[in-house]
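These are the residues of each chain, in order.
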Amino acid sequence: MSATAVNHDSRYPLLTALVLALVVAAMNVALWWYGNLPHGPQDWHGKISGFSLSVFQRYQSPFKQDYPSDDDIAADLKLLHRYTDNVRTYTMQQSPQLYQLAQKEGLKVMAGAEIDKRLDNNEREIALLIAKARAYPDTITRVIVGNEVLFRNDLTPEQMMAYLDRVRAAVHQPVSIAEPDYIWLKYPELADHVDFITIHIFPFWNGVTVGSPSIRDSHPALDAALGAYSAVRQRFPYKSVVVGEIGWPSNGDRHEHADPSISNEAIFIREWLLAAKQENIDYYLLEAFDQPWKENLGEGRTGAYWGIFNADRQPKFPFTGPVTEDTAWPWKAIAASLLALLPMIFFARRFSRFKLMGRFFFAALIQLACGLIVWSATLPFNFYLSWIDWTMLVLLFPAQIAILAILLINGFEFTEVLWRPKWMRHAGMLTPDPPEKQPFVSIHLACYNEPPEMVIVTLDSLAALDYQNYEVLVIDNNTKDPAVWKPVQEYCEKLGKRFRFFHLEPWPGYKAGALNFGLKETDPQADVVAVIDADYEVRADWLATLTGHFHDPKVAVVQCPQAHREFEHNTFRRMTAWEYDGFFRIGMHHRNERNAIIQHGTMTMVRRNALEGTGGWSEWTICEDAELGLRLMHAGYDLVYVDELMGKGLTPADFKAYKSQRYRWAFGAMQILKGRWSWMTQRGPLSAGQRFHFLTGWFSWFADALHLIFTLMALFWTAGMVAYPQYFSLPMQLFLIPVIGFFFAKAIFGIVLYRARVPCSWYDTLMASLASMGLSHAIARGILHGLTREKTSFVVTAKSRRLGGSNFAAFAPVREEGLMAIALALCIVGMALGYGTRYIEGTLWMFILAAQSIPYVSAVVGAWIAHKAGDKAG
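Definitions and cut-offs
- Residues numbered from 1 in each chain as written.
- Predicted model: local features only at pLDDT ≥ 70, side-chain atom pairs only at ≥ 80, totals over all residues.
- Heavy atoms only, no water.
- Helix = DSSP H or I, 4+ residues; strand = E, 2+ residues; numbered from the N terminus.
- Buried < 20%, exposed > 50% of the residue type's maximum accessible area, 1.4 Å probe, protein only.
- Axes fitted to C-alpha atoms, helices over the stretch in contact; angles between N-to-C directions.
- Parallel < 35°, antiparallel > 145°, perpendicular 65-115°, else oblique.
- Contact = heavy atoms within 4.5 Å.
- Nonpolar A, V, L, I, M, F, W, Y, C, P; charged D, E, K, R; others polar.
- Salt bridge = Lys/Arg side-chain N within 4 Å of Asp/Glu carboxyl O.
- Disulfide = S-S within 2.5 Å.
- Pairing = 2+ DSSP bridges.
- Core = buried A, V, L, I, M, F, W, Y, C linked by side-chain atoms within 4.5 Å.
- Right-handed = clockwise from strand over helix to strand, strands pointing away.

A. Quick peek at unusual backbone geometry. Going from L286 to E287, the amide bond is cis rather than trans, its omega being -5°. For the peptide bond that leads from E505 to P506, omega is -10°, which places it in the cis range. Here P506 is to be found in the loop between β11 (499-504) and α15 (510-521). Not every positive phi belongs to a glycine, and N478 is a case in point at roughly 70°. Residue position: N478 is located in the loop between β10 (470-477) and α14 (482-495). Assessed through its relative accessible area of 17%, N478 is described here as buried. Backbone geometry places E566, a non-glycine residue, at a positive phi of 55°. Within the element layout of this structure, E566 appears in the loop between β14 (555-559) and α17 (571-592).

B. View of the packing of α17 against helix α25 (residues 762-773). Put simply, α17 and α25 touch, their axes get as near as 8 Å, and they point 85° apart. With respect to their mutual orientation, α17 and α25 come out roughly perpendicular. Along the contact surface, α17 presents T571, R574, M575, W578 and E579, while α25 presents Y763, D764, M767, A768, L770, A771 and S772. Within the contact of α17 with α25, the residues separate by chemical class into 7 nonpolar, 2 polar and 3 charged.

C. Fine view of the pattern of salt bridges. For the structure on display, the rule yields 33 salt bridges. We note a salt bridge from R58 to D312, for which the minimum N-O separation is 2.9 Å. In this pair, R58 sits in the loop between β1 (51-52) and α3 (70-81) while D312 sits in the loop between β8 (282-285) and α10 (329-350), placing the two residues 254 residues apart along the sequence. Take R58: its relative accessible area is 23%, and that puts it in the partly exposed class. A residue is classified by how much of its surface remains accessible, and D312, at 43% relative accessible area, is partly exposed. A salt bridge links R781 to E816, with the nearest nitrogen and oxygen atoms 3.4 Å apart. A residue pair is termed long-range when its members are at least 10 positions apart, and R781 in helix α26 (residues 776-788) and E816 in helix α27 (residues 815-834) qualify at 35 residues. Of the residues examined, R781 reaches a relative accessible area of 29% and is grouped as partly exposed. One salt-bridge network, held together by shared partners, links R353, E416, E593 and R594.

D. Seen up close, the state of the cysteines. Applying the stated criterion across every chain, the model contains 0 disulfides. Free cysteine C623: the closest other cysteine sulfur is in C447, separated by 20 Å. According to the relative accessible area criterion, C623 is buried, its value standing at 7%.

E. Focus on the pairing of β14. By the criterion of burial, β14 is predominantly enclosed, with 5 of the 5 residues buried. Note that β14 and strand β16 (residues 638-641) share 4 bridges and pair parallel. Across the sheet, the residue bridging to Q559 is Y641, located in β16. Strand direction decides the pairing type here: β14 and strand β15 (residues 604-607), joined by 3 bridges, are antiparallel. Looking at β15, one finds that Q559 is bridged to T604.

F. Structural context of the nonpolar core. Core analysis: the largest hydrophobic core is formed by 87 residues, its most contacted members being V145, W272 and L285. The dominant element in this core, judged by the number of residues it contributes, is helix α9 (residues 262-279), at 9 residues. Apart from the residues within four sequence positions on either side, W272 is in contact with L222, A225, L226, V243, I246, I281, Y283 and L285. Formed by 63 residues, the second largest nonpolar core is a distinct cluster that contains I345, L407, A714 and Y839.

G. Geometry of the environment of A534. Relative to the elements of secondary structure, A534 occurs in the loop between β12 (528-532) and β13 (537-538). Separated by 116 residues in the primary sequence, A534 and L650 place their C-alpha atoms 9.6 Å from one another. Those residues in contact with A534, other than ones at most four positions away along the chain, are L445, A446, C447, E450, M454, V455 and T458.

H. How the structure looks around the pairing of strand β7 (residues 241-246). Of all 6 residues in β7, 6 are buried; the element is thus mostly enclosed. Pairing geometry for strand β6 (residues 197-201) and β7, over 5 bridges, is parallel. Note that in β7 the partner of H200 across the bridge is E245. Both β7 and β8 contribute to a ladder of 3 bridges, which runs parallel. Looking across to β8, one finds that V242 is bridged to D282. A crossover links β7 with its parallel partner β8, the connecting element being α9, and its sense is right-handed.

What follows is the structure in structure tokens.
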């Protein structure tokens, strides 16, 4: 961008924001338009040969013994008579008044008897068929005995031929049986027992694509239908052939290459009508009206959508002119644009300091989210949903909103990190003060059952600080074995009076309790309290170059990043070290822009009077450090983040320790969320930016909890689809597409930010991602337990290597993750065997199951890497 453009942009931020929002909104409308471009199959004029007819209204079903009234049937027949002179029925016992009403309307009927394994019912159907054929000889012009009976293997050909012979002897009308084309070729002897041949042709169920009307001679489905018809005609040249069913669904599940849609239905039907007229083919379109109850017949969701008219008796498409897939798309596009317009303007105006590309990107993300909301809210109305479906929608729609919220929150971080001109709140190292101006610092080191040799390394680094005014308090709480804490006590005595050691046993409050004890023992002249973990080696200039920030009375905390050492040659420690680094290079800077960092319990310094004045360390939460930072912000203080590696500690020793630490953080986060809920949701001392970060900063962890819940639901539903496909249908794309999009977006955001901000190789980036994903289950448990429980144990993160076990024992810390991975793998296998790739929804569902398994597989792989790395270290 030129300097002139930048200057113009900064002088008129509101105008720029408005123009940007309108451009994105226009692009949204253009995408809706492009997705609903009208298709141009050839026009059809004239009568249709016939319709297959079920007269059940939208909410009626034979399974509920709920049948249409005479007025309903008469209205349907009157509507169809505008398009055809012939209809076909399938059963004699349901709506037997139809024949009288058809006679009154002047329609001809090809009457069908329902034949299946129920032999007694077959007799009733045949008797009624004969009676009606004799009663209405001018209305019932043809008779069908059985519909796809041999296709279903309900009866043998011999049984059906006997039925056919009986009916032919009893009525004057021509008699046939309706079967798919290949059944006639398989059982040619049937032709000797019928007066004409009735075939069903469905290129859709053969997985044949409709083709494109814009491409010359591209009519695969039509060619397949005409080929099937010609094969039967050639096999039985002495019999007339009627196409008893032919059609295309407007909605439902994709079948191999065949895609159900309104435009595809229109293209196929119009092409068939023109070809049938040219070839003089007698046919009945399947079917007149959508029949929602047919979803339960084994065809899946597709079974409900074969009608030329929808269940409300409205035509789905015109027979002339172009066909638009969704005629309501302009209203949906406008609704999505209006929903996004004000948020886009607000963002582009509020963050006018971001580069134009960043504002455009996030505005587009807002528009995408609003478009998905409108699409998700309106798409269900394209389906005939039961109350169970609607219940699931009501439950899952908020989950989709949560997914979009998480996506926007991650997208905001992505935008700010990549497209900020500079960090607005940047703090660095300062020139050291002379000794007489140095604040007095009391360094507190709380430890529990830590290896003495590790603590001694930390003490040596503290003894080497290039600083005059400080003390070190080592507070050992509840370590039982004197052989562990005594050496530390003795070493403190060797280091001199600046180092004081305290052993507390028993002592409540975990680490917070020990630190509160340290506050009481702090030298009265101390201005600053610094806290580090027992495994940290600090730089000699840590205090000298940072305590100067406390000359500003508004500053309560100076925080440095957690960093790690001795990981380079250990695969597990290396991947975890870089995983930690991501937050301090990305998330902490993002939060720091609004004075909303997460205070950590190591490499942190706190103004003493602010700490004591706000109540000390909170013992009601196991994340006392993060809670203190929030409390100090609430008191009006500033927290300073200095991204300098002033100290380095050890990573967790193994995967169990790694998981345990993250579980503790997630649990503690929920304690803080519950305990300080009013601070985050109500106006008060916290700024809007601080409330935003502390309310939404844990949304990514909520995504892990949602992932666990969704996975358990997916396992249950998949088991149902595999074992009881008649009751459990494939999930709609409505649920699948946003989930898949979120998975890809989150992965892309994370990797791009890592490459931009974290100084590691591609290999380390991918390994850090593996480590991060492997924590998902632990975080999910921490979130759910934190929301439902008050307290949990404070488990100290083991930093020194524990004695190794067998290879099998390596997976003990990830038993649950391993079981989840196995269960998901079995579900994928079951889906592959039961559904294959015939349905796009089935393929998408298998992809989602595979994606859901990634965190669990990552945990298992991470545990194995930790185990093998420990063996090598040993």
